Amino acid sequence: MINLPTNKREDFYFGLMMVTGMALVMITYNFIRNDLFGTLSLGEIVLQYVLGFIVAFVIEMFVVGPIAKKAAFSLPYDKSKKVYVILSLAFCMVTGMVLCMSLYGLISSSLADSLGEGSLVKHYFSIVFHNYILAFPLQLIVMGPLVRFLFIKFVANKNAPKLAA
């Protein structure tokens, strides 16, 4: 049984849960990848988590989310099969979020003067590549199922009919 958000309140909580999980893992991954845990103070690390989460949440709710949903539902597939809906939404959301949040990471790194040699375009596509190879499987295998489980258990309208996969 798959239960997706059916109204604005549920959509808000689902997005909040998803962004929280994905941002936590992706920010940690980028700290590790750039060897920043030993370089930044605890305050700087907390600030990066808070800023990253806020930026990710705003982008997901107001930019990528609406565009990704329109794109996912405009693709030619059988929308009565909820597994296809979930896969297309995941693909569109992850792609949009990786493109936007990698730009945020590039700007943050540039402001911190930690990019090193090379063009900004080269750095951007490198960041996108490294983020996508973690974000897409993380979304499909871990966060998507976990957030849907928690969403159904704690948020979803208990009176709403459950949709078969």
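Residues numbered from 1 in each chain as written. Predicted model: local features only at pLDDT ≥ 70, side-chain atom pairs only at ≥ 80, totals over all residues. Heavy atoms only, no water.

## Details of the environment of Asp 113
Mapping Asp 113 onto the fold places it in the loop between helix H3 (82-111) and helix H4 (120-154). Under the relative-accessibility criterion, Asp 113 is labelled exposed at 71%. C-alpha of Asp 113 to C-alpha of Asn 30: the two residues are 83 residues apart in sequence and 16 Å apart in space. (Helix = DSSP H or I, 4+ residues; strand = E, 2+ residues; numbered from the N terminus. Buried < 20%, exposed > 50% of the residue type's maximum accessible area, 1.4 Å probe, protein only.)

## Concerning a nonpolar patch on the surface
The grouping of Leu 42, Val 46, Val 50, Ile 54, Val 58, Phe 62, Val 63 and Ile 67 at the surface amounts to a nonpolar patch, some 770 Å² of accessible area in total. With respect to the element layout, Ile 54 can be found in helix H2 (residues 42-74). (Patch = residues over 30% accessible without salt bridge, like charges linked within 9 Å, V, L, I, M, F, W, Y side chains within 5 Å. Areas by Shrake-Rupley, 256 points an atom, 1.4 Å probe, with all protein chains shown as cover. Salt bridge = Lys/Arg side-chain N within 4 Å of Asp/Glu carboxyl O.)

## What about the packing of helix H1 (residues 8-33) against H2?
Where H1 meets H2, the closest approach of the two axes is 9 Å, and the angle between their N-to-C directions is 130 degrees. Classified by the angle their axes make, H1 and H2 are oblique. Crossing geometry of H1 relative to H2 is assigned as right-handed. Residues Asp 11, Phe 12, Gly 15, Leu 16, Val 19, Thr 20, Ala 23, Leu 24, Ile 27, Thr 28 and Phe 31 of H1 touch H2, and the partners they reach there are Ile 45, Gln 48, Tyr 49, Gly 52, Phe 53, Ala 56, Phe 57, Glu 60, Met 61 and Lys 69. (Axes fitted to C-alpha atoms, helices over the stretch in contact; angles between N-to-C directions. Parallel < 35°, antiparallel > 145°, perpendicular 65-115°, else oblique. Left-handed = near helix turned anticlockwise from the far one by under 90°. Contact = heavy atoms within 4.5 Å.)

## With respect to the packing of aromatic side chains
By the definition in use, this model includes 9 aromatic pairs. On the numbers, 5.7 Å between centres and 10 degrees between planes, the contact of Tyr 132 with Phe 136 is stacked. Of this pair, Tyr 132 and Phe 136 both sit in helix H4, 4 residues apart, which is roughly one turn of that helix. Looking at Phe 136, the relative accessible area reads 21%, which means it is partly exposed. These aromatic residues form a ring-pair network of at least three members: Phe 12, Tyr 13, Phe 53 and Phe 57. Here the guanidinium or amino end of Lys 153 rests over the ring plane of Phe 154, the centre of that ring lying 6.0 Å away. (Phe/Tyr/Trp six-rings, centres within 6.5 Å; stacked < 30°, edge-to-face > 60°. Lys NZ or Arg CZ within 6 Å of the ring centre and 35° of its normal.)

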